[in-house]
Amino acid sequence: MDRLNLYRLMYRIRRFEERVEKLFQAGKIPGFVHLYIGQEAVAVGVLAHRRPGDYLTSTHRGHGHALAAGVDPRAMMAELFGRATGVCRGKGGSMHLFDPDRGMLGANGIVAGGIPIAVGAGLGLRLLGQTGVVFAFFGDGALGRGVLHEGLNLAALWRLPVLFILENNGYASTTAHAESHAFRVEDLVRAYGLPFRQADGQDVEEVYSAVADLLQGVRGEGGPAFLEARTYRFKGHYVGDPERYRSREEVAQARMRDPVSLARQRLLAAGVGEKAIKTLEGEEDALLEEAVTFAELSPWPDPDEALQGLFAEEVRDYPWEG
Amino acid sequence: MGGVREITFAEATREAMEEEMARDRTVFLMGEDIAKQGGIFGQFKGLAERFGRERVRDTPISEPTLVGAALGAALVGARPVLDIHFADFLLLAMDELANQAASLRYMSGGRLKVPLVIRAPDGAIRSAAAHHSKSLEALFLHLPGFKVVAPATPKDAKGLLKAAIRSDDPVLYLEHKALYTRKGPVPEGEVLTPIGRAEVVREGRDVTLVSYSLTLYKALEAARQLEEDGISAEVVDLKTLYPLDWDTLLASAEKTGRMVVAHEAWRFLGPGAEISATLGEKLWNRLQAPVVRVGAAHVPIPFSPPLEERVIPQVADLVRAAKEVLTWR
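Residues numbered from 1 in each chain as written. Chains lettered and ligands numbered in written order. Predicted model: local features only at pLDDT ≥ 70, side-chain atom pairs only at ≥ 80, totals over all residues. Heavy atoms only, no water.

Participant: It is not clear to me how the sheet that holds strand 4 (residues 79-83) of chain B should be interpreted in this structure. Could you clarify?
Facilitator: All names here are of chain B. Strand order across the open sheet formed by 7 strands is 3-2-4-5-7-6-12, with mixed pairing between neighbours. This sheet does not close on itself; its edge strands, each paired only once, are strand 3 (56-58) and strand 12 (240-242). This sheet shows a mean twist of 20° between the axes of neighbouring strands, independent of strand direction. Both strand 5 (residues 117-122) and strand 7 (residues 171-176) contribute to a ladder of 6 bridges, which runs parallel. If you follow Val 117 over to strand 7, its bridge partner there is Val 171. (Pairing = 2+ DSSP bridges. Helix = DSSP H or I, 4+ residues; strand = E, 2+ residues; numbered from the N terminus. Axes fitted to C-alpha atoms, helices over the stretch in contact; angles between N-to-C directions.)

Here it is as structure tokens:
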């Protein structure tokens, strides 16, 4: 476990998103933005185990997963700006980040939308004789979707190399977990026979260790496993969310256990000097500035780009037009 | 070499699967009741024995996850062919079809490749009624990102399935249930039918009947009956519904000046509506009459045989439509 690198990525996600919030409020980022602030330890603790040949699927709150998977912050920021240099050439945006070079099969605007895709990626890897695993991230809202249940069944039945990662932040949009689910997550997972672990999602080292244990089985025998990371999103469901569904006290209480601060304290306790940490933070701050500048200076896509790339080969609806 | 045999539509698709699976290790097949049972129409018989249960997989009844999983496998480099029991059941998986499979390549800025084939038996047959009879092509034609093919003959069934498997894009392969047992000539050896190409299957001068899948045979029968009345009807088999072969359609419309488009999909906003509107826009002063559409009535497909027959286009409906465009002024 490279503690310094875990901290670096958590810090990168936190600063990136704080800046994204400001840029969105300043009108520089179109669309909608769902921040991952407060949940950084989950993406980083899980994806620290990522190897070449592994894949991941993500959610509408996917910035943290993408950055933890190593997606270039410059191309990501440019995508959020809708620029031609974006990681999806401006066709995805915040909720739909893809980067196959990093195994990123997509953030997804549909709750639980990535789950069947992750299961299928696991099947594909198995059939192609490849050794990778698939990390399937989803929130507690996905527990209400049939595809989660179908996906757990199929992955268990076919013993596919998929790690299911439930980021239970307590709310599906504005609805509290207990108001929408009649079952205990552990009971659900046990019913399908998957190894199950629960981890404190604010503690990156605990997440890291839990995943290490679970992955032994997933990489070893190729069967699926399930992690429930208990976490909390410090910000609203989306930027601009009035957050009428929870109290300020509750949020303040949760913020007492800030995963980024906790990881920093751990570094200090482990004997990493303040100076080394500051150096790392300075590097990340510079990278973020570079990403923002890159995005701001990048050109808009040519409007005709909108008509490209639907198919692998060019198809025109009406060949005599334009 | 180069012989031609008469085989059934089901045998032709089974050959296509077998040849593509033998040719390319990354091709695999999954669906309900296909490995042990060989498919409910026998179109997968023997494939599990030859290629094993890894590459020919029986699945649980979980359409959304099956479509999503086939997509996921395609994204990591496999070439899945997913069989859906009945096209009606595609509706269970609309998120995975529309939001995911059709969209991901585009949304990713072209960075993802989606070599996915979904086979779906469609059409009305023997009072299967509303949950097992739908022709849903219009729905999928309306969702950018799918190529949609609907073969009528065993030769094209084989050729289009092979072309679909080799395509790097999501292809919806619609096979009318009444066609599985229909026999036709299929050449020995490689058969490929290009996606996006229609064919004039009967030359004519007076009127063009455009169709595909099972309704093509009704168009051919209508053309035969029209000939008895001294009317020379041209028949075009579309084969691929997206992308449409406009060149063939425009050429035939220029030639006869009178067009009928017939299909089992609902007439209201059906594929014929798009063809009619486009030919109207493009050739309004050269057509001798408005393009007339023949399609299913706007009701779910009913159970009782006379009701089913009333809703689905029949040969007489095509003959009537042809005479209508011929007498229009």
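Participant: Any chance you could explain the pattern of salt bridges here in plain terms?
Facilitator: Here the idea is simple: oppositely charged side chains can pair when their charged atoms come close. All names here are of chain B. The final tally for this structure, using the stated rule, is 59 salt bridges over all chains. The closest approach of N and O atoms between Glu 19 and Lys 158, which form a salt bridge, is 2.6 Å. Here the residue Glu 19 occupies a position in helix 1 (residues 9-23), and Lys 158 occupies one in helix 7 (residues 154-166), the gap between them amounting to 139 residues. The class of Glu 19 is partly exposed, set by a relative accessible area of 26%. Where Lys 162 meets Glu 20, a salt bridge forms, and the shortest distance between an N and an O atom there is 3.0 Å. You can see Lys 162 sitting in helix 7 and its partner Glu 20 sitting in helix 1, a full 142 residues away along the chain. For the pair shown, Lys 162 and Glu 20 are each scored as buried. What emerges from the salt-bridge pattern is a single network uniting Arg 5, Glu 15, Glu 19, Glu 20, Arg 23, Lys 158, Lys 162, Arg 166, Glu 188 and Glu 190. (Salt bridge = Lys/Arg side-chain N within 4 Å of Asp/Glu carboxyl O. Buried < 20%, exposed > 50% of the residue type's maximum accessible area, 1.4 Å probe, protein only.)

Participant: Which parts of the structure should I look at to understand the packing of aromatic side chains?
Facilitator: Enumeration over the complete set of coordinates arrives at 14 aromatic pairs over all chains. Taken together, a centroid distance of 6.0 Å and an interplanar angle of 40° make the contact between A:Tyr7 and A:Tyr11 tilted. One end of the pair is A:Tyr7 and the other is A:Tyr11, both in helix 1 (residues 3-25) and 4 residues apart, which spans about a single turn. Across this residue pair, the class does not change: A:Tyr7 and A:Tyr11 are buried. Above the ring of A:Trp158, the side-chain terminus of B:Arg57 is found at 4.4 Å from the ring centroid. Between B:Arg182 and the ring centre of B:Tyr217, over which it is positioned, the NZ or CZ distance is 3.6 Å. (Phe/Tyr/Trp six-rings, centres within 6.5 Å; stacked < 30°, edge-to-face > 60°. Lys NZ or Arg CZ within 6 Å of the ring centre and 35° of its normal.)

Participant: Quick question: what am I supposed to make of helix 7 of chain B here?
Facilitator: Three or four residues apart is the spacing at which side chains of an α-helix point the same way, because the helix has 3.6 residues per turn. Between its first and last C-alpha, helix 7 of chain B extends 19 Å over 13 residues, near the 18 Å set by a 1.5 Å rise per residue. The complete set of buried residues in helix 7 of chain B reads B:Pro154, B:Asp156, B:Ala157, B:Lys158, B:Gly159, B:Leu160, B:Leu161, B:Lys162, B:Ala163, B:Ala164 and B:Ile165. (Expected span 1.5 Å × (residues − 1).)

Participant: Whenever I open this one, the interface of chain B and chain A confuses me. Can you help?
Facilitator: By a frequent convention, interface size equals the accessible area lost on bringing the separate parts together. Chain B puts 50 residues into the contact, and the matching count from chain A is 46 residues. Overall, the association of chain B and chain A removes approximately 4000 Å² of surface from exposure, summing both partners, and the carbon and sulfur fraction of that is 66%. Taken as a group, B:Val76, B:Tyr106 and B:Arg111 account for 18% of the area that chain B buries against chain A, more than any other trio of residues on that side. Here chain B is connected to chain A by 3 salt bridges. B:Arg111 is the salt-bridge partner of A:Asp99, the closest N and O atoms lying 2.8 Å from each other. Where chain B meets chain A, there are 16 residue pairs in polar contact (both at pLDDT 80 or more). (Contact = heavy atoms within 4.5 Å. Buried area = accessible area lost by both parts, 1.4 Å probe. Polar contact = N/O pair within 3.5 Å; in protein donor to acceptor, adjacent residues only side chain to side chain.)

Participant: For this particular structure, what's the right way to read the packing of helix 1 of chain A against helix 11 (residues 259-269) of chain A?
Facilitator: Pairs of packed helices are described in terms of their axes, by the angle between the two and the distance that separates them. Residues and elements named next belong to chain A. Packing of helix 1 against helix 11 brings their axes to within 10 Å, and their N-to-C directions diverge by 150°. Taken as axis vectors, helix 1 and helix 11 run roughly antiparallel relative to one another. The way helix 1 lies across helix 11 gives a crossing that is left-handed. On helix 11, the residues that touch Arg 3, Leu 4, Tyr 7, Met 10, Tyr 11 and Arg 14 of helix 1 are Pro 259, Val 260, Ala 263, Arg 264 and Leu 267. For the contact of helix 1 with helix 11, the per-class residue count stands at 8 nonpolar, no polar and 3 charged. (Parallel < 35°, antiparallel > 145°, perpendicular 65-115°, else oblique. Left-handed = near helix turned anticlockwise from the far one by under 90°. Nonpolar A, V, L, I, M, F, W, Y, C, P; charged D, E, K, R; others polar.)

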